[in-house]
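Chain by chain, the residues run as shown.
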Amino acid sequence: MSEVVSINITSALDDGNDEKDIWIFGYGSLVWKADFPFEEKRTGYVKGFLRRFFQNSTDHRGTAERPGRVVTLVHAENPESKVWGMGYRIAAREKLQVLKHLDHREKNGYERHLVKFYPYPWSAEQLNDAQQILLYVATQDNPSFAGQQDDLNTIADQILVCTGQSGRNPEYVYKLAEAMRRLYPGEQDDHLFELEKILLQRDPLGSLCKREAAPDAEIQRSETSKEG
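Here the structure is a predicted model, which means the values were calculated and not measured.

Parameters and conventions
Residues numbered from 1 in each chain as written. Predicted model: local features only at pLDDT ≥ 70, side-chain atom pairs only at ≥ 80, totals over all residues. Heavy atoms only, no water. Helix = DSSP H or I, 4+ residues; strand = E, 2+ residues; numbered from the N terminus. Contact = heavy atoms within 4.5 Å. Buried < 20%, exposed > 50% of the residue type's maximum accessible area, 1.4 Å probe, protein only. Arc of directions from axis to C-beta. Pairing = 2+ DSSP bridges. pLDDT = per-residue confidence, 0-100. Phe/Tyr/Trp six-rings, centres within 6.5 Å; stacked < 30°, edge-to-face > 60°. Lys NZ or Arg CZ within 6 Å of the ring centre and 35° of its normal.

**Some remarks on the side chain of Asp59**
With respect to the secondary-structure elements, Asp59 resides in the loop between strand E4 (49-57) and strand E5 (68-75). Residues in contact with Asp59, not counting those within four places in the same chain, are Lys107, Gly164 and Gln165.

In structure tokens form, the structure reads like this:
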């Protein structure tokens with residue numbers, strides 16, 4: 001199993017060290033777009049998890065009447081299993097504001113965990129050592145957890161007909177898949193890439209969305225001093 005520590009919301013906000021920066025790990029839409037201020041970002045991975053479309057979305061990519069699907073993490077049998085994503089270093093002066101923002105953003109059944117983040121590739125300008133990092137994982141007893149039994153065709157059926165305040169649900173899949181290819185060429189995420197393939201075969205707007213799915217110009221392996 002991965003080295004995971006559940007973090008109580010209040011203790012994470014008040015850890016007794018207001019001068020300490022924190023790291024946040026993004027493995028869904030935060031990979032290509034962060035809506036909070038950060039000091040730097042680094043590509044890299046966490047271990048012991050799998051990224052899966054096992055969480056319903058009743059706001060960003062769906063509605064209460066027709067929920068979409070977004071990613072969460074589930075524990076992997078292989079402790080060396082990697083989930084690639086983006087690590088963001090949040091300045092101590094900003095961490096209270098950022099954590100409150102993320103707690104609200106991820107209010108639909110997610111809780112915080114503390115794990116190790118492994119920056120990759122090596123950088124001469126930024127840190128390269130493993131860091132403690134916070135990430136949000138959907139609890140399996142939350143009302144929006146869709147379960148782990150659905151196959152990819154069933155998940156695709158749900159995604160194809162859903163739209164939320166952040167746009168069409170298929171677009172979320174296309175953008176995440178494209179970000180993974182750009183940031184981590186050669187790395188495989190079979191669950192994500194196979195789901196993308198199924199959607200593109202059945203989505204009438206798939207070709208157009210795919211062309212528009214290239215992540216924002218800000219997507220790159222590393223960046224410093226980004227203010228929101």
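**As for helix H2 (residues 95-105)**
If you check which residues of H2 are buried, you get Lys95, Val98, Leu99, Leu102, Asp103 and Arg105. Buried residues along H2 cover an arc of 160° about the axis, so they all sit on one side.

**Here we look at the pairing of strand E6 (residues 82-90)**
Among the nine residues that make up E6, seven are buried, leaving the element largely enclosed by the rest of the structure. Here strand E2 (residues 22-26) runs beside E6; their pairing, made up of five bridges, is antiparallel. Bridging across to E6, Phe25 finds its partner in Gly87. Sheet topology note: the strand E3 (residues 38-47)/E6 ladder contains eight bridges and is antiparallel. When the bridges of E6 are listed, Val46 appears paired with Val83.

**Considering the confidence of the model for the protein**
Of all residues in the protein, 82% have pLDDT values of 70 or greater, and the mean over the chain is 87. Here residues 4-16 scores under 50 on pLDDT; set against residues more than four positions off or in separate chains, the count is 26 contacts.

**Side note on the packing of aromatic side chains**
Overall, the coordinates contain 12 aromatic pairs when judged by the stated rule. A ring pair is formed by Trp84 and Tyr120, whose centres lie 5.6 Å apart and whose planes are at 65°; its orientation type is edge-to-face. With Trp84 in strand E6 and Tyr120 in the loop between strand E7 (110-119) and strand E8 (131-138), the pair connects residues that are 36 residues apart, well separated along the chain. For Trp84, a relative accessible area of 8% gives the class buried. Here the aromatic cluster, defined as three or more aromatic residues joined through ring pairs, consists of Tyr45, Trp84, Tyr118, Tyr120 and Tyr184. The ring of Tyr118 has Lys47 lying over it, and the distance from NZ or CZ to the ring centre is 4.7 Å. Between Lys82 and the ring centre of Tyr45, over which it is positioned, the NZ or CZ distance is 4.5 Å.

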